[in-house]
Amino acid sequence: MKKRTVLLVFLSALFLFAVCMAGKSVLDNRKIEPEESASQASSAVSASGPQYLNPTETDYVSWGRSNASDNLIWSGATFEYSCTGTRAGLMIYCDNSVQGAIDVSIDGGAFVRYELTDGLADYLFADDLDEGTHTVRVVRLSQEWVLKSAKVEKIIVSEGAKVISGYTHPTDLKIEFLGDSITAAVGIDHYTDCYSYLTAEALNAEYRVCAMPGCGVYRWGGWDPTNTDASTRNMLTMYNDVFVNSGNYDHSSFSPDVVVMNIGTNDSVNIGEYGYFGVNYTGDADYKTEQINLYVENFTSEYANLLEKIHTEHPDSIIVACCGQMGLNSRLETAINEQIAAFLTKYPTAKCEFLKFPYSSDMSAETLWHPGVSAHKSNAEALTAKIREMLGQ
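A separate point is the overall build of the protein. For the protein, the helix and strand inventory stands at nine helices and 15 strands. Expressed as a percentage of its 393 residues, the buried residues of the protein come to 56%. For the protein, the exposed area adds up to about 16,000 Å²; of that, 50% sits on carbon and sulfur atoms.

Written out as structure tokens, the structure reads:
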């Protein structure tokens, strides 16, 4: 079982880019070249009925890490609004070579996936709605190594319709999710099937996601101790980012009641049988032992630093540390539990617990050797129960 676990985790890295390139199935998506102005785009579509409206901050709810010019960057980023009329859509600008998609639901209906394309483009979600007021929810699916800019430029409605000003989405909690490819929803077609989204929905929570494929506590997946030029990025550095290496995320912009850190999978594969020192390693055994011991030591200190950083930024947040869907190295699991105990000794009024997810039984080539929909659902149920328990609900 142990070999199978690390093998599947390793294979997931090999397939990581494939999910980002999955088929293009945008429905009714008129591509507009980046140099074409918004007014030109509006005129082109207005002739057939829709009109463009400039959204103001009181017209929509936007969840997710963002800056002044981009509001659909990370997986799970949500843009929600209400409008009248028979049509609903968005004009979105994306950086070149953008990958990923958006999930769209109208009036609480099933989510439909739309592939994102480069430049300025229209995404018409419906043009035959009943007259009346409608609610549209858009959720970003970004399974990229490098985050690309994505911004809602216009809201598309039918002629004579309007966006409802002052729209709100009341919630009971705020949750921040930190993670790797699992939390970025690699292997499934809709972010709305991810354990993080399902947990937030079950708890009626506003949420933000900071997750990227390959991320580790100490080092990115594919660690090579002989590569002195390798990136030293990890979860702790990414925690401060809006974009990769930007370091400009304002933690005061979002005060979570709960922080979920699902991290450690890539560290497990880095020191496992299919990491650098795995089954194909034929070098010095003492060097292997030395380097793996050093990795565990550094993982331990970085995990402690991550807990410290989260507590510094959000001292009133409860922390749920979790891992295990794709396997967890036993030495790293021990380190996690030891660091949580040390953290609680240092901060006796804090709340932090470890939730070990079961190994996902539905991983396959179809899911890119990542947890499938059923595993995400069961993980969400377990996490929801743990959060309620820690909140005393």
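Turning our eyes to something else, we now look at the sheet that holds strand β6 (residues 101-106). Taking strand neighbours across the sheet as the criterion, the five strands line up as β3-β4-β9-β6-β7 in an open arrangement whose pairing is antiparallel. Among the strands making up the open sheet, the edge pair consists of β3 (60-63) and β7 (112-115). Pairs of neighbouring strands in the sheet enclose a mean axial angle of 20°, with direction left out of account.

So, on to the pairing of strand β10 (residues 150-158). In terms of burial, β10 is largely enclosed, as seven of its nine residues are buried. Pairing of strand β2 (residues 50-53) with β10, which is carried by four bridges, proceeds in the antiparallel orientation. Residue pairing for β10: proline 50 is matched across the bridge by serine 158. By the bridge criterion, seven bridges tie strand β5 (residues 88-94) to β10 in an arrangement that is antiparallel. Paired with tyrosine 93 across the two strands is lysine 151, which belongs to β10.

Moving on, we come to the packing of aromatic side chains. Across all of its chains, the model carries 18 aromatic pairs by this definition. Following the ring pairs from residue to residue traces out a cluster consisting of Trp63, Phe111, Phe177, Tyr195, Tyr197, Tyr207 and Phe357. Here the guanidinium or amino end of arginine 65 rests over the ring plane of tyrosine 249, the centre of that ring lying 3.7 Å away. Taking the ring centre of tyrosine 218 as reference, the NZ or CZ of arginine 219 above it sits at 4.1 Å.

Between its first and last C-alpha, helix α8 (residues 330-346) extends 24 Å over 17 residues, near the 24 Å set by a 1.5 Å rise per residue. When α8 is considered as a whole, its buried residues turn out to be Leu332, Glu333, Ala335, Ile336, Gln339, Ile340 and Phe343. The arc that holds the buried residues of α8, viewed along the axis, is 160°, so those residues lie on one side. In this structure, α8 carries Ser330 and Thr345 as exposed residues pointing more than 90 degrees from its buried face.

Conventions we followed
Residues numbered from 1 in each chain as written. Predicted model: local features only at pLDDT ≥ 70, side-chain atom pairs only at ≥ 80, totals over all residues. Heavy atoms only, no water. Helix = DSSP H or I, 4+ residues; strand = E, 2+ residues; numbered from the N terminus. Buried < 20%, exposed > 50% of the residue type's maximum accessible area, 1.4 Å probe, protein only. Areas by Shrake-Rupley, 256 points an atom, 1.4 Å probe, with all protein chains shown as cover. Pairing = 2+ DSSP bridges. Axes fitted to C-alpha atoms, helices over the stretch in contact; angles between N-to-C directions. Phe/Tyr/Trp six-rings, centres within 6.5 Å; stacked < 30°, edge-to-face > 60°. Lys NZ or Arg CZ within 6 Å of the ring centre and 35° of its normal. Expected span 1.5 Å × (residues − 1). Arc of directions from axis to C-beta.

Honestly, that's just the spatial picture; any functional story needs more than this.
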